[in-house]
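Chain by chain, the residues run as shown.
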Amino acid sequence: MHAGRISSIRTHIVHCPIPEHLRVRSGAGLKLARQSAFVEITTDEGLTGIGPCSFGSASLDLAAAASLLDHAIAPMLIGEDAGAITYLWDKVYYGSVTRVLGPRGIGVALLSGVDIALWDIKGKAAGLPIYELLGGVVHDPVRAYASSIYWLPPEEAAKVASDYVAQGFGAVKMKSGLNYRNDIESLEAIREAVGPTVDIMVDANQCYSRHLALKVGRELDKYDVLFFEEPLPTDDVDGHAFLAERIDTRIATGENMYTRWEFLPFIQKQAIHVIQGDASRTGGITEAKRIFELAAAHHLYVAPHTFSDVLTVASSLHLNASSPNATLLELDRTYNPLMTDLVKNPLNVHDGVVELPATPGLGVEIDWDFVEAHPYHGEHGIGAGARPAFGLAHETLPDRQVETLA
Ligand code: MG
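All residue numbers refer to positions counted from 1 along the written sequence of the respective chain. Owing to the predicted nature of the model, reporting of local features is limited to residues with pLDDT of at least 70; listing and counting of side-chain atom pairs is limited to 80 or more, with chain, interface and lining totals taken over all residues. Computation of side-chain values covers all heavy atoms of the structure but excludes hydrogens and water.

1. Concerning the layout of surface pockets
- Any residue with an atom within 4 Å of a point lines the site, the site being either a cavity, points on a 1 Å grid over the protein atoms alone where a 1.4 Å probe fits but cannot get out, or a pocket, an open set with protein on both sides within 12 Å along at least 5 of 7 lines. Grid points are joined across faces, edges and corners, and a volume is the space filled by probe spheres set on the points. Empty space within the largest pocket amounts to approximately 500 Å³.
- A run of DSSP states H or I qualifies as a helix once it reaches four residues; a run of E qualifies as a strand once it reaches two. Both are numbered from the N-terminal end. At the level of secondary structure, the elements contributing two or more residues to the lining of the largest pocket comprise β6 (142-149) and α5 (154-166).
- When its residues are assigned to classes, the lining of the largest pocket shows 14 nonpolar, four polar and five charged.
- Shared between two domains, the lining of the largest pocket holds at least three residues of each, these being domain 1 (6-127) and domain 2 (131-366). The residue classification treats Ala, Val, Leu, Ile, Met, Phe, Trp, Tyr, Cys and Pro as nonpolar and Asp, Glu, Lys and Arg as charged. All others, Gly included, are polar. Delimitation of the domains relies on an automatic or database domain assignment.

Structural data, given as structure tokens:
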């Protein structure tokens, strides 16, 4: 059947506070709540599509973001053919994002939600899962890694890592940036606890200067770390190249990068080995697929960031399933009801893999009772001021003690 013409667009926001004893800390701050924003598009053929937009680890007025979508972007789309995804992507990108909303941030995240909702509709119209429309299955099931081991004393970090391995994960990620000694001792304890065959990744959430990243990176080389994530601010392309030249551990980045044009200079300067573009942020499934192909053309792997909700995981799942160079998917294992309760049919996760949904479209169905029961009233998702500005994370690091982040 035809997708039909777009008849309505509405953005929904869900807010789930994190119980105090389950809150996690990293270089991105202290998480206070899990929040989800997603776009609902309906067509005059009676089809409905859902698409997540995610906004990174920073406080944001999600109602203002939703208002932008519902009042500035939606009017550009009402009445259009819902099946013309590439055309509509360009219409929003060149008509609004590059002119006023900004090509590096919220405008692209909003476009991502629209794009994924349109793919959901296209899949439902075709009676096929999205991965079938993207070229069919390469990876089934999709391998996932446990995200993450947050800032903790070494023995506690090792315990969390062991728990993830006991759940069946063959790959785990730890957060660095607390302080140098604790980070390296945690890494050592984790490697000791999980043994030599489990993949370990380290994520710095952009908190280092070039030389501190190099100092940490040289330590990572000793523990066979799979990749070093966001070692530097995303605008320091040359810094990533500097690091890539000097350490053996792969450089990964991209969760806070938007569109193929932000990834391109990293690829051209050989500053990146693992691309982490997140479909719900970097421009939707349409743009993420382009970025995955760009990576493949340069023999690079992708391991998408998905740390927000089940809709985001599902979006990347279709991309990973259909992309030869996408060998790993992030999976949030911290307290997050949005990974399960937001939908009536949560993804089947077991033994460190995620099964592919067989139903048409995105393959997950919103539980509207849950959405209604978890309203958003302007609450912050992350502690304001928790993350020191870049440059404050210096070598002695007294500013990065946990106590200062409460
Ligand atoms: Mg990260």
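2. Details of empty space enclosed by the protein
- One pass over the structure, following the stated rule, counts two cavities of 30 Å³ or more.
- Each pocket or cavity is described by its volume, and for the largest cavity that value is around 450 Å³.
- The set of elements that each furnish at least two residues to the lining of the largest cavity consists of β4 (33-43), β6 and β7 (171-175).
- At five residues, β4 tops the list of elements feeding residues into the lining of the largest cavity.
- Grouping the amino acids of the lining of the largest cavity by side-chain chemistry returns 12 nonpolar, 14 polar and 10 charged.
- Mapped onto the domain boundaries, the lining of the largest cavity takes at least three residues apiece from domain 1 (6-127) and domain 2 (131-366).
- For the second largest cavity, the calculated volume is near 50 Å³.
- Surrounding the second largest cavity, Ile149, Tyr150, Trp151, Leu152, Ala157, Met174, Lys175, Leu178, Asn182, Asp183 and Ser186 form its lining.

3. Observations concerning the coordination of the magnesium ion
- Here the magnesium ion is held by Asp203 (OD), Glu229 (OE) and Glu255 (OE), and the distances to it run 2.0 to 2.2 Å.
- For Na, K and Ca the donor cutoff is 3.2 Å, while for all other metals N, O and S atoms must lie within 2.8 Å; water is not among the atoms, so some sites may look incomplete. All donors of the magnesium ion belong to a single chain; written as a sequence motif, their spacing is D-x25-E-x25-E. Residue Glu229 is found in strand β9 (residues 227-229), and its partner Glu255 is found in the loop between β10 (250-253) and α9 (259-268); the two are separated by 26 residues along the sequence.
- The classification of residues rests on relative accessible area computed with a 1.4 Å probe and restricted to protein chains. Under 20% of the type maximum is buried, over 50% is exposed, and intermediate values are partly exposed. We classify Glu255 as buried; its relative accessible area is 5%.

4. Some points on the domain arrangement of the protein chain
- Partitioning the protein chain into domains gives domain 1 (6-127) and domain 2 (131-366).
- With 42 residues of domain 1 at the interface, the matching set in domain 2 holds 40 residues.
- Put simply, buried area is how much 1.4 Å-probe accessible surface two parts lose in total, over both of them, once they are put together. Summed over both sides, the interface between domain 1 and domain 2 buries roughly 3,400 Å², with carbon and sulfur atoms accounting for 67% of that surface.
- By salt bridge we mean one thing: a side-chain nitrogen of Lys or Arg within 4 Å of a carboxyl oxygen of Asp or Glu. Across the pair Arg104 and Glu262 runs a salt bridge, and its minimum N-O distance is 3.8 Å.
- For this analysis, a polar contact is any N or O atom pair within 3.5 Å, provided that within protein one partner can donate a hydrogen and the other can accept it, and provided that sequence-adjacent residues contribute only side-chain to side-chain pairs. Our count for the contact surface shared by domain 1 and domain 2 stands at 14 residue pairs in polar contact (both at pLDDT 80 or more).
- Counting residues per element, the ones that place at least two in the side of domain 1 that touches domain 2 are β1 (6-17), β2 (25-26), β4, β5 (48-53), α2 (85-101) and α3 (106-126).
- Of the residues in the side of domain 1 that touches domain 2, the class split is 23 nonpolar, 11 polar and eight charged. Residues count as neighbours in contact if any of their non-hydrogen atoms are within 4.5 Å of one another.

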